[in-house]
Amino acid sequence: MQIEIASCSYQGGRDYNEDSVLYLERDGVCAAVVSDGLGGHGGGQIASSLAAEYLTRAFMEDPKIDSEYIRQLFEQANAKVLDEQSPALKMKSTGVALFIDVDTAIWAHVGDSRLYHFVDGHLTEQTLDHSVSQVAVFSGEITIDEIRHHDDRNRVLRAFGGEDYIKPEISSPQELKSGFHAFLLCTDGFWEYVLEPEMELDLADNDTPYDWLQAMMQRIVQRAPEDSDNYSAAALFVKPEE
């Protein structure tokens with residue numbers, strides 16, 4: 001498999017950038033994590049970086065596409081964040097992770113950082129937020145399109161550092177042997193200003209993950225208010241060997 005990766009992380013209109021983006025790739029094995037720190041005054045950045053660093057390095061040391069194994073990695077990352085908390089600094093972090101071992105992928109998340117999976121240019125799967133606004137969608141109070149502007153959109157229900165026991169949502173293993181697979185991992189500050197059909201349009205118009213991200217970031221720059229949240233993303237192209 002051929003794997004190409006690009007990333008971005010910007011402060012937006014906030015005083016701190018508490019997002020983290022980290023990826024490692026070697027011989028067809030890859031781990032990519034995007035996390036969004038919660039807590040303010042720099043504490044969120046500690047939480048997001050702890051989670052991202054642990055998940056990427058642990059998987060690269062022992063890559064296995066197995067849901068129970070991924071759950072254990074998330075539990076261990078959660079423990080790392082909890083160990084660094086203090087009564088004065090209850091930092092937390094959302095997180096979404098993608099793991100690839102040669103020709104198979106699996107992903108997992110907590111909170112409202114998202115993964116989008118495109119096959120041959122078409123969106124086929126996306127994660128569902130662990131948030132109050134996503135619950136409102138499930139209950140029929142709002143539509144999926146209204147999440148971006150819902151009053152409780154920023155209230156997440158799962159996060160690293162939130163509870164002693166973390167419950168990540170984990171995909172089933174996905175075969176990557178055929179077709180062109182593109183993945184977008186991003187924080188809510190990113191997907192809030194880029195609609196899913198626009199992600200597809202920009203994917204069709206660009207040949208590299210870097211250019212794809214640049215096109216989507218132009219939309220964010222044009223739309224985001226001055227006090228916008230941090231926005232971060234990782235984009236991956238996975239193609240069969242030529």
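Up top you'll find the structure we're talking about.
All figures in this text were calculated on a predicted structure; none of them were measured in a lab.

**With respect to helix 2 (residues 67-84)**
With 18 residues, helix 2 extends 26 Å between its outermost C-alpha atoms, agreeing within 8% with the 26 Å of an ideal straight helix rising 1.5 Å per residue. When we look at burial in helix 2, the residues that qualify are Y69, I70, L73, F74, A77, N78 and V81. Against the buried residues of helix 2 lie helix 1 (43-61), strand 4 (92-101), strand 5 (104-110) and strand 8 (169-170). Of the residues that open helix 2, the one with a side-chain oxygen 3.2 Å from the backbone nitrogen of E68 is D66.

**Let's talk about the sheet that holds strand 6 (residues 114-119)**
Read across the sheet, five strands follow the order 1-11-10-6-7 without closing on themselves; strand pairing throughout is antiparallel. Strands at the two margins of the open sheet, each flanked by one partner only, are strand 1 (2-10) and strand 7 (122-126). The average angle at which neighbouring strand axes cross in this sheet is 20°, direction not considered. With four bridges connecting them, strand 6 and strand 7 associate as antiparallel partners. Note that in strand 7 the partner of H117 across the bridge is E125.

**Focus on the nonpolar core**
One recurring pattern in soluble globular proteins is that nonpolar side chains are buried together. Of all hydrophobic cores here, the largest spans 26 residues; its most connected members are F118, L184, F190, M199, W212, L213 and M216. For this core, the secondary-structure elements that each account for two or more residues are strand 1, strand 6, helix 3 (132-138), strand 10 (181-186), helix 4 (188-191), helix 5 (196-204), helix 6 (209-223) and strand 11 (231-239). The element contributing the most residues to this core is helix 6, with five residues. Once residues lying within four places of it in the same chain are set aside, the contact partners of L213 are A6, S7, C8, L184, F190, A233 and A235.

The rules behind the values
Residues numbered from 1 in each chain as written. Predicted model: local features only at pLDDT ≥ 70, side-chain atom pairs only at ≥ 80, totals over all residues. Heavy atoms only, no water. Helix = DSSP H or I, 4+ residues; strand = E, 2+ residues; numbered from the N terminus. Expected span 1.5 Å × (residues − 1). Buried < 20%, exposed > 50% of the residue type's maximum accessible area, 1.4 Å probe, protein only. Contact = heavy atoms within 4.5 Å. Polar contact = N/O pair within 3.5 Å; in protein donor to acceptor, adjacent residues only side chain to side chain. Pairing = 2+ DSSP bridges. Axes fitted to C-alpha atoms, helices over the stretch in contact; angles between N-to-C directions. Core = buried A, V, L, I, M, F, W, Y, C linked by side-chain atoms within 4.5 Å.

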